[in-house]
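A structural walkthrough
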Amino acid sequence: MSQHQTPLFTGLLKHIEKKPIQFHIPGHKKGAGTSPEFREFIGHNALAMDQINIGPLDDLHSPHGIIKEAQELAAEAFGADYTFFSVQGTSGAIMTMVMAVCGPGDKIIVPRNVHKSVMSAIVFSGAVPVFIHPEVDKNLGISHGITTDSVKKALEQNPDAKGLLVINPTYFGICADLKQIVDLAHSYNIPVLVDEAHGVHIHFHEDLPLSAMQAGADMSATSVHKLGGSMTQSSVLNVKEGLVSAHRVQAILSMLTTTSTSYLLLASLDTARKQLAIEGHDLIEKAIKLANQTRKEINEIDHLYCVGEEILGTKATFDYDPTKLIISVKELGLTGYDVEVWLRENYQIEVELSDLYNILCIITPGDTEYETSILVKALKDLSDHFKHQADQSVKPSVLLPNIPVLALSPRDAFYSETEVVPFEESAGRIIAEFVMVYPPGIPIFIPGEIITEENLAYIKKNLEAGLPVQGPEDSTLQYLRVIKEHKAIK
C-alpha cells in the first residue's frame with residue numbers, strides 16, 4: 001500500500017455507489033428518515049456515509065479489511081508498530097493507555113496537571129497515582145511540563161511503577177526533553193505513555209518538537225481532530241510493541257469503545273492521515289510561517305506580548321510549537337477571560353483558551369492571512385481601547401497547592417459510601433470528588449486525599465481571584481462530598 005491510498009474512505013465510497021437497500025441501522029436510512037431541515041443543511045453525502053459495521057465495511061473492534069489497512073497506513077505514517085483508530089476522542093485513547101499497563105494497586109507516575117481522562121482511567125483501573133509537580137512559569141502564570149530531574153527522582157523512588165505518563169506538548173505547545181525522559185524510564189523497564197492531544201502535526205515537520213514515536217515512547221494518544229484535519233472526536237492511539245502488548249491495547253480499547261462506530265469519523269481519520277503523510281510538511285511549513293508573522297505583528301502592539309523562542313532554555317521548556325500563539329494581556333490590566341469576551345462581542349473571534357493572564361490562539365493549515373489580519377486588527381483595537389488601564393497591569397500570582405496525603409486509592413474513594421459536609425468543616429476528611437482550579441490546571445484534590453486547611457485556603461484565594469472551579473457536585477463550593485464516617489453506636 002501507498003500513503004496516497006485511502007482504503008477505508010475509498011471502500012466506503014464504493015459501498016455507497018452500489019446504492020444498497022439497507023435493512024440495518026442507522027434508522028434514518030441514508031437520510032431519508034431524518035429531519036428535512038437537518039438533511040438539507042448537512043447534505044446527502046454525509047448521511048449516506050453514516051454507516052454501520054456490516055461485512056463490506058469491516059469492524060473497528062476486530063479489523064481485518066479496510067479498517068485494518070487504514071490503520072496499518074497510519075502506523076507507517078506516525079512511525080508506530082501499531083495504530084488504533086479512536087472514535088471516543090483522545091480521552092478514550094488515554095484511558096486505554098493507562099488501563100493497558102495498570103491494574104488494582106499498581107503505581108503510575110503522572111504530572112499533577114493531567115487531563116481528567118487520566119484520573120478517570122486511574123479510578124477505573126484501581127491504580128495509585130504518584131504525582132510530579134509540573135514547572136510553573138511565574139511570568140506567564142501557566143504550568144509547563146515535568147522536568148528530567150523530577151522524572152529521575154520519581155523513578156528512583158518508585159522503580160516498581162507500571163508506567164510514566166507525560167503531557168507532550170502541553171496545551172500551550174511547550175515540550176520537555178521527551179527523548180531523555182523516555183530513556184530514563186526505559187532504563188527501569190517502565191513504559192512511557194504520552195498525552196499527545198495537542199501534537200499530531202509535530203511528527204511531520206523537522207522544525208517542530210520530537211513526536212512521541214520519534215522519541216521512542218511506548219504509546220501516544222494523539223488528537224488528529226485538533227490539529228490534523230479530521231473530524232472532532234477522532235483520534236489515534238500509536239503503539240510501539242515491547243514493553244506493552246498491542247493485543248492487550250486492542251482488547252481494552254474495544255471495551256471502552258461504542259459498538260456503533262462512526263464511519264464519518266473513521267473516514268476522516270483515513271483522509272487526514274493521507275494529507276499529513278503526503279502534504280503535511282508543506283502545509284505545516286505555511287502554518288509556521290503564518291504564525292511567526294502573526295507573532296511579530298502582535299509583538300508590535302503596545303501592552304501585548306506573544307511568546308516566542310525566548311521562552312526556551314529551562315528544563316521544562318526544552319522545545320516549543322510556534323503555531324501556538326500565547327498572548328499575554330496582563331499589561332492592559334485585563335484578564336484573559338475579559339479579552340476572550342471582548343473579541344467575541346466586537347470581532348466575532350473565538351480563541352482556543354483564556355485564563356487570568358493570557359489568551360491562546362492556534363494557527364493551522366486551515367488559516368490564511370485573512371483570518372490572522374483580523375486577529376491583529378482586533379488586538380490593536382483592544383490595546384487602543386484599554387491603554388488607559390496599562391498602569392493597572394497585574395503581576396501573575398501562581399501559587400502551587402501542596403499535594404495532599406492519599407489515604408485511599410482514587411477508585412476506593414470514588415466507590416465508597418459518601419456524605420456531603422460544609423466546605424468550612426471538611427478539613428481532615430477524605431474527599432470523594434475532584435476539585436480543580438484553572439489556571440494553572442492542577443487538581444487541588446482528587447478522590448482519596450485528606451483535605452487540609454491549607455488547601456481549602458488555596459481554593460478560596462483562587463475563587464476570590466475569579467478563577468472557575470471544576471469538579472465538585474456543588475459548583476458554589478459551599479459543600480464537599482467526603483467519605484462517610486461510621487461512628488460507634490452509643
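Worth saying up front: this structure is predicted, and the values here are computed from it rather than measured.

Looking now at the packing of aromatic side chains. Counted under the stated rule, the structure contains 4 aromatic pairs. Here the aromatic cluster, defined as three or more aromatic residues joined through ring pairs, consists of Trp-342, Tyr-347 and Phe-386. The cationic tip of Arg-112 hangs over the ring face of Phe-131; the distance from NZ or CZ to the ring centre is 4.4 Å.

Here we take up helix α1 (residues 7-17). Helical periodicity: at 3.6 residues per turn, an α-helix aligns residues three or four positions apart in one direction. Every buried residue of α1 is listed here: Pro-7, Leu-8, Gly-11, Leu-12 and His-15. Along the long axis of α1, the arc covered by the buried residues comes to 130°, so they all point the same way. Turned more than 90 degrees away from the buried face of α1 sit Lys-14 and Glu-17, all of them exposed. As for α1, its buried residues are in contact with α3 (44-49), α4 (66-78), β1 (82-86) and α11 (263-298). Positive phi shows up at Lys-19, right after α1, with a value of about 50°.

Looking now at the pattern of salt bridges. Per the stated rule, a full pass over the model turns up 15 salt bridges. Across the pair Arg-273 and Asp-270 runs a salt bridge whose closest N-O atoms are separated by 3.0 Å. One end of the pair, Arg-273, and the other, Asp-270, are both in helix α11, 3 residues apart, so they sit about a helical turn from each other. Arg-273 sits in the buried class, given a relative accessible area of 3%.

To continue, consider the packing of α1 against α4. The interhelical angle for the contact between α1 and α4, taken along N-to-C directions, is 155°, at an axis separation of 7 Å. Looking at the two axes, α1 sits roughly antiparallel to α4. Contact with α1, carried on its side by Pro-7, Leu-8, Gly-11 and Leu-12, involves Ile-66, Ile-67, Glu-69, Ala-70 and Leu-73 of α4 and no other residues of that element. Tallied by class, the residues present in the contact of α1 with α4 amount to 7 nonpolar, 1 polar and 1 charged.

Moving on: the nonpolar core. Residues Val-98, Ile-108, Val-118, Leu-193, Met-219 and Leu-237 are the most contacted members of the largest nonpolar core, which totals 33 residues. Among the secondary structure elements, those contributing two or more residues to this core are α5 (89-101), β2 (107-111), α6 (116-125), β9 (219-222), β10 (235-239) and α10 (246-256). Among the elements that line this core, the one with the most residues is α5, at 8 residues. Beyond its immediate stretch of four places on either side in the chain, Val-98 contacts Ile-108, Val-118, Ala-121, Ile-122, Ser-125, Leu-165 and Leu-193. Core analysis: the next-biggest nonpolar cluster, separate from the first, contains 30 residues, Leu-60, Ile-67, Ala-74 and Ile-284 among them.

Moving on, we come to a nonpolar patch on the surface. Side chains of Phe-38, Phe-41 and Ile-42 sit close together on the surface and give an oily, nonpolar patch of about 350 Å² of accessible area. Structurally, Phe-41 is set in helix α2 (residues 36-42). A residue is classified by how much of its surface remains accessible, and Phe-41, at 75% relative accessible area, is exposed.

For strand β3 (residues 128-132), a buried count of 4 out of 5 residues is recorded, marking the element as mostly surrounded by other parts of the structure. Relative to β3, β2 runs parallel, the two sharing 5 bridges. Looking at the pairing, Pro-111 lines up with Ile-132 of β3. A crossover links β2 with its parallel partner β3, the connecting element being α6, and its sense is right-handed.

A few words now on the sheet that holds strand β17 (residues 435-437). The antiparallel open sheet is built from 3 strands, whose spatial order is β18-β17-β19. The two strands at the open ends of the sheet, each matched to only one other strand, are β18 (442-445) and β19 (469-470). Seen against the sheet, helix α15 (residues 453-464) touches β17, β18 and β19 and runs at an angle of roughly 130° to β18.

With respect to the helices and strands, Gln-250 occurs in helix α10. On the basis of relative accessible area, Gln-250 is assigned to the buried category, the value being 19%. Beyond its immediate stretch of four places on either side in the chain, Gln-250 contacts Leu-60, His-61, Pro-63 and Phe-84.

Here we take up the sheet that holds strand β14 (residues 353-354). Overall, antiparallel pairing links the 4 strands, which are arranged β11-β13-β15-β14 in an open sheet. Of all strands in the sheet, those bounded by a partner on one side alone are β11 (305-306) and β14. Across 2 bridges, β14 lies against strand β15 (residues 358-362) in antiparallel orientation. When the sheet's bridge partners are listed, Leu-353 is paired in β15 with Leu-360.

Mapped onto the elements of the fold, Ser-328 is located in strand β13 (residues 324-328). With 188 residues separating them along the chain, Ser-328 and Leu-140 place their C-alpha atoms 6.9 Å apart. Apart from the residues lying within four places of it in its own chain, the contact partners of Ser-328 are Leu-140, His-303, Leu-304, Tyr-305, Tyr-357 and Asn-358.

Parameters and conventions
Residues numbered from 1 in each chain as written. Predicted model: local features only at pLDDT ≥ 70, side-chain atom pairs only at ≥ 80, totals over all residues. Heavy atoms only, no water. Phe/Tyr/Trp six-rings, centres within 6.5 Å; stacked < 30°, edge-to-face > 60°. Lys NZ or Arg CZ within 6 Å of the ring centre and 35° of its normal. Buried < 20%, exposed > 50% of the residue type's maximum accessible area, 1.4 Å probe, protein only. Helix = DSSP H or I, 4+ residues; strand = E, 2+ residues; numbered from the N terminus. Arc of directions from axis to C-beta. Contact = heavy atoms within 4.5 Å. Salt bridge = Lys/Arg side-chain N within 4 Å of Asp/Glu carboxyl O. Axes fitted to C-alpha atoms, helices over the stretch in contact; angles between N-to-C directions. Parallel < 35°, antiparallel > 145°, perpendicular 65-115°, else oblique. Nonpolar A, V, L, I, M, F, W, Y, C, P; charged D, E, K, R; others polar. Core = buried A, V, L, I, M, F, W, Y, C linked by side-chain atoms within 4.5 Å. Patch = residues over 30% accessible without salt bridge, like charges linked within 9 Å, V, L, I, M, F, W, Y side chains within 5 Å. Areas by Shrake-Rupley, 256 points an atom, 1.4 Å probe, with all protein chains shown as cover. Pairing = 2+ DSSP bridges. Right-handed = clockwise from strand over helix to strand, strands pointing away.

Keep in mind these numbers describe shape, not what the thing actually does.
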